[in-house]
Amino acid sequence: MFSLPWLELSRFKRHTITRLAIIVVAVIPAIYGGLYLASNWAPTDNLDKLQAAVVNTDEGAKKPSSDGEKLHAGDELVDQITPEGEGGFDWQETSLKEANDGLAEGKYFAVLEIPSNFSERLVSTGGDDPEQAGLNLRTDDAHNYIVGQMAGTILNEIKSGLNETTTSEYVSEVYLGFNDIHSSTEKAVDGATQLNDGAVDLHDGTGELSDGAHTLDKGVGKLQTGIGDLDDGAGKLKKGSGDLKTGADTLARSTTEAKNGAKKLSTGAGQVADGTSQLRDTADETTDKAEDLRDRAGDLVEGARPKLNQAEDDFDSARKTVRGDVDDRVAQLREDYPDDPNVAKLADDMDNLGGDLDKAHERASKAADEAKDLEDPVKDAVDDVMGKIRDADKKIGKLDDGAQKVATGADDLHSGLIKLDTGAGDLAKGAGDLNDGVISLKDGTEKAKTGVADLKDGSSQLADGSDELDKGAKKLVDGSGELADKLAEGLKQIPTYDKSDRENRSDVVALPVDAEKHKDNAVDAYGEGLAAFFISLALWIGGMITYMVINAIPYRALMSSAKSSRIAWAGYVPGILFGIAQVAVLYGVLTFALDFSAGAWVWTLLFSILVAASFHAVHQLCVAALGGVGRLVALVLLMIQIASAGGTYPVQTAPGIFQIISPFLPMTHAVNGLRTLIAGGDMFIAAQAAVVLLLMTAIALVATMFVCGRKRMVTLTQLHPSLSL
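Residues numbered from 1 in each chain as written. Predicted model: local features only at pLDDT ≥ 70, side-chain atom pairs only at ≥ 80, totals over all residues. Heavy atoms only, no water.

To be explicit about the condition: UniProt positions are given in the numbering used here, feature names are shortened, and annotations may be inferred rather than shown by experiment.
The protein chain is annotated in an unreviewed UniProt entry as YhgE/Pip domain-containing protein from Brevibacterium koreense. A UniProt comment under Subcellular location (unreviewed entry) is attached to the protein chain, and it reads "Membrane".

Structure below.
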């Protein structure tokens with residue numbers, strides 16, 4: 001069974017070049033797979049070796065609710081990403097021109113532009129007109145498309161970080177705002193409670209005010225009545241004071257006139273007193289003369305007729321005296337004091353005295369005549385006259401005393417009338433002032449009456465208004481109480497947050513969905529994820545190289561009597577041995593050079609050997625059936641399988657034709673089986689792939705046996721091939 005395969009392998013012992021060919025065949029898949037995997041083992045871990053430019057033109061912006069503090073988000077972003085290894089790429093802060101030149105020249109793989117309004121738009125999230133802050137990332141696919149895709153991923157990470165930070169800060173402000181709202185509402189509750197207390201006090205006050213206003217209104221009504229009475233009284237007082245003023249003026253004029261009259265009376269009385277005094281002296285002198293006359297009458301009586309004649313002469317002289325000076329003076333007194341009864345009485349007495357003297361003279365004459373006959377009657381008559389003279393002298397004395405008293409009384413009357421006139425003047429002036437005051441009082445009472453009427457209207461309005469105010473105060477008490485209660489209820493519903501709680505909630509709200517990615521059967525590196533594809537690819541190339549070096553079938557055996565199956569087997573066994581060697585070398589390189597690991601090492605190795613066996617069977621069939629053209633077909637199959645095996649992206653992302661042919665190609669199952677075994681997934685998939693590969697291997701071997709049978713006959717086409725490779 002192994003004689004023919006061993007015979008085929010023994011050919012490689014003959015020359016050094018053939019021995020080296022064995023080594024090359026075994027190593028080429030390892031070189032191919034190792035190089036590809038080494039170059040793509042962890043490309044994302046080395047992005048920091050790619051230079052990228054960041055152009056920061058941000059001008060900063062004032063933070064809301066701060067004391068002039070400014071946000072320089074552009075600078076913060078630059079500081080965040082420029083440290084080596086922190087921002088994906090090796091970010092270098094440059095000018096826009098240097099960035100554009102570097103991107104065009106391939107120095108920079110990406111250019112991140114931070115606009116001038118970046119901070120301004122970030123802080124606008126807390127304002128009335130929020131705007132999104134934009135970043136501009138530019139890449140050049142002419143230099144590398146994948147880097148552009150990675151740059152987009154990095155930009156998304158930067159954007160997510162900024163969104164989380166910005167949202168967290170904004171939400172933190174919102175939660176801080178809740179604290180402020182709670183604090184403000186708490187103050188509002190206190191204020192509403194104080195307002196309610198004040199409203200209660202106000203209601204009490206308005207009640208008292210209403211009572212007081214009504215009392216005031218009643219008092220003003222009484223005041224209005226009193227003012228009316230006062231006004232009427234003032235009117236009467238005005239009239240009375242006017243009459244008093246008129247009377248006082250009349251009295252003043254009268255007293256003035258009385259004063260003047262008293263002065264005249266005093267002067268006249270003085271003159272009367274002087275006159276009576278002179279009259280008294282004259283009467284005394286007359287009395288003396290009458291005494292002398294009586295003496296002479298006595299002498300007459302005694303002395304005879306000469307004496308009577310002499311008495312007649314004396315009476316005549318006395319009569320002339322009385323009728324002369326005394327009558328003149330009495331006449332003067334009567335002229336000066338026509339109304340004085342004493343003067344009038346004095347005048348009458350003097351007339352009587354004159355008449356008596358006339359009669360006495362007549363009688364003296366008659367007596368003288370009759371003395372001769374009636375000396376005695378004459379003497380008696382003289383005595384009678386003397387008695388009358390004495391009476392007249394006494395009356396004149398009394399008249400003088402009365403005149404003196406009249407003069408003194410006139411002086412006193414004049415002095416009193418002077419005082420009375422002064423008092424009457426003061427009384428007139430006071431009465432005038434009183435009348436002016438009463439007029440002013442009357443005007444005032446009229447104005448007061450009008451004012452009190454207005455005050456009454458105002459007090460009535462005040463009473464009505466105080467009632468309305470009291471009702472409003474009652475509503476205010478109810479409303480403020482309800483406000484305080486509602487605010488207190490609302491305050492209980494407003495949460496407060498301490499710093500740690502606020503920061504925790506801000507972080508949660510900023511990133512409400514934490515999409516944590518969990519990988520089942522995760523691999524350690526990007527290269528391990530692609531290892532299934534590149535190992536399959538390397539083993540396919542290993543199969544191609546194997547049957548470039550060794551014969552697909554031992555062609556000399558075709559001329560023997562060996563069975564076709566044995567001939568096919570003889571060509572397949574060396575190939576599978578090379579395949580096993582290729583698997584061993586490939587995994588040795590991956591393990592020691594790239595730190596490759598597999599979830600199920602034994603099954604991975606066995607499955608890889610199965611893959612190699614299947615691929616070698618296919619290559620053996622291609623080469624055995626078509627010769628050089630078969631190698632070309634194997635190369636075409638390689639290209640088709642690269643496109644349809646789903647090695648890098650799932651085959652579902654490929655066009656439909658590749659999805660259709662994918663299940664019929666061995667590399668598809670090789671990739672699926674190896675991917676499961678390396679990552680440690682569902683072993684059923686690996687088993688299913690192994691079954692398919694075994695089936696394909698068997699089919700390929702059977703087909704090779706059929707080809708071997710056909711190869712035993714030489715055709716014209718074999719003798720004269722159209723194309724030989």
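1. Digging into the overall build of the protein chain
For clarity, the threshold we go by: Here a strand is any run of E in DSSP of at least two residues, a helix any run of H or I of at least four, and the numbering for each starts at the N terminus. Relative accessibility under 20% of the residue-type maximum defines a buried residue, over 50% an exposed one, and the middle range a partly exposed one, all with a 1.4 Å probe and only protein chains included. The contact criterion used throughout is that any non-hydrogen atoms of two residues lie within 4.5 Å. In these tables, accessible area is a Shrake-Rupley quantity obtained with a 1.4 Å probe, and a residue counts as shielded only by the protein chains included in the view.
Scanning the protein chain from N- to C-terminus turns up 17 helices and 6 strands. By the burial criterion, 39% of the 725 residues in the protein chain qualify as buried. For the protein chain, the proportion of contacts with a sequence separation of at least 24, taken over those separated by at least 6, is 81%. Carbon and sulfur atoms provide 56% of the accessible area of the protein chain, an area that totals close to 39300 Å².

2. Quick notes on a nonpolar patch on the surface
Put simply, the rule reads: Two distance rules govern patches: like charges are joined within 9 Å, and nonpolar side chains (Val, Leu, Ile, Met, Phe, Trp, Tyr) within 5 Å, applied only to residues with over 30% relative accessible area and no salt bridge. Basic side-chain nitrogens of Lys or Arg form a salt bridge, by our definition, when they fall within 4 Å of a carboxyl oxygen of Asp or Glu.
Side chains of Leu195, Leu202, Leu476 and Leu483 sit close together on the surface and give an oily, nonpolar patch of about 300 Å² of accessible area. Mapped by element, the contributors of at least two residues to the nonpolar patch are helix H6 (145-303) and helix H8 (341-493). Within the element layout of this structure, Leu483 appears in helix H8.

3. With respect to the side chain of Thr546
In this structure, Thr546 sits in helix H10 (residues 526-549). In this view, Thr546 contacts Val25, Gly575, Phe578, Gln582 and His616; residues no more than four positions away in its chain are not counted.

4. Concerning the pairing of strand E1 (residues 51-56)
The criterion, for reference: Strand pairing is assigned whenever DSSP detects at least two bridges linking the two strands.
Burial analysis of E1 places 5 of its 6 residues in the buried class, which makes it a mostly covered element. Alignment of E1 against strand E4 (residues 90-93), held across 4 bridges, turns out to be parallel. Bridging from a neighbouring strand, Ala52 pairs with Trp91 of E4. Note that E1 and strand E5 (residues 110-114) share 4 bridges and pair parallel. In the strand pairing of E5, Val54 is matched with Leu112.

5. What to know about helix H12 (residues 601-626)
Worth spelling out the cut-off: Each helix should span, by expectation, one fewer than its residue count multiplied by 1.5 Å.
Taking 1.5 Å of rise per residue, the 26 residues of H12 would be expected to cover 38 Å, and the 37 Å separating its terminal C-alpha atoms lies within 8% of that figure. At the C-terminal side of H12, Gly627 shows a positive phi close to 70°.

6. A word on the UniProt feature "transmembrane region" (unreviewed entry) in the protein chain
Here, the residues flagged by UniProt with the feature "transmembrane region" (unreviewed entry) are residues 20-38, 530-555, 567-590, 596-615, 622-643 and 683-708. Along residues 20-38, the helical share is 100% and the strand share 0%, with 25 Å between the first and last C-alpha atoms. Between the C-alpha atoms that bound residues 596-615 there is a distance of 23 Å. The span itself is 75% helix and 0% strand.

7. What to know about a negative patch on the surface
What counts is decided by this rule: Think of it this way: Lys and Arg go in the positive column, Asp and Glu in the negative one, and His and the chain ends go nowhere. Charge positions are represented by NZ for Lys, CZ for Arg, CG for Asp and CD for Glu.
A surface patch of negative charge is lined by Asp75, Glu76, Asp79, Glu93, Glu169, Glu173 and Asp180. Within the residue set of the negative patch, elements represented by two or more residues are helix H3 (73-81) and H6. By the element assignment, Asp75 lies in helix H3. Under the relative-accessibility criterion, Asp75 is labelled partly exposed at 37%.

8. A word on the pattern of salt bridges
Under the defined criterion, the tally for this structure stands at 10 salt bridges. The shortest N-O distance in the salt bridge between Glu113 and Arg138 comes to 2.7 Å. With Glu113 in strand E5 and Arg138 in strand E6 (residues 136-139), this residue pair connects regions lying 25 residues apart in the sequence. Asp217 is paired through a salt bridge with Lys456; the nearest N and O atoms lie 3.2 Å apart. Of this pair, Asp217 sits in helix H6 while Lys456 sits in helix H8, and the two are 239 residues apart along the sequence. Overlapping salt bridges, with partners in common, bring together Asp231, Lys442 and Glu446 in one network.

9. Looking at the nonpolar core
Worth spelling out the cut-off: Working definition of a nonpolar core: buried Ala, Val, Leu, Ile, Met, Phe, Trp, Tyr and Cys residues. They are joined through side-chain atoms within 4.5 Å.
Judged by nonpolar contacts, the single largest core of 66 residues is most densely connected at Leu37, Ile535, Leu539, Phe596, Phe607 and Met667. Broken down by secondary-structure element, the contributors of at least two residues to this core are helix H2 (16-39), H10, helix H11 (564-594), H12, helix H13 (628-644), helix H15 (666-679) and helix H16 (683-711). With 14 residues, the single largest contributor to this core is H10. Sequence-distant contacts of Met667, defined by excluding residues within four places in its chain, comprise Phe533, Ser536, Leu537, Trp540, Phe615, Leu638, Gln641 and Ala645.

10. Some details on the sheet that holds E6
In any sheet, the strands associate via hydrogen bonds between backbone groups, in a parallel or an antiparallel arrangement. Selection criterion: Lines fitted to the C-alpha atoms define the axes, with helices restricted to the stretch that makes contact. Angles between their N-to-C directions range from 0 to 180 degrees.
The mixed open sheet is built from 4 strands, whose spatial order is E4-E1-E5-E6. The sheet is open, and its two borders are formed by E4 and E6, each paired with just one other strand. Across the sheet, the mean angle from the axis of one strand to that of its neighbour is 25°, orientation sign disregarded.

11. Notes on the packing of aromatic side chains
Stated precisely, the cut-off is as follows: Aromatic rings from Phe, Tyr and Trp, taking only the six-membered ring of Trp, are treated as a pair when their centres fall within 6.5 Å; an angle between ring planes under 30 degrees marks them as stacked, one over 60 as edge-to-face, and anything in between as tilted.
Across all of its chains, the model carries 9 aromatic pairs by this definition. Centroid distance Tyr32 to Tyr36: 4.5 Å. Interplanar angle 45°. Geometry classified as tilted. Of this pair, Tyr32 and Tyr36 both sit in helix H2, 4 residues apart, which is roughly one turn of that helix. In this structure an aromatic cluster arises from ring pairing among Tyr32, Tyr36, Phe533 and Phe534.

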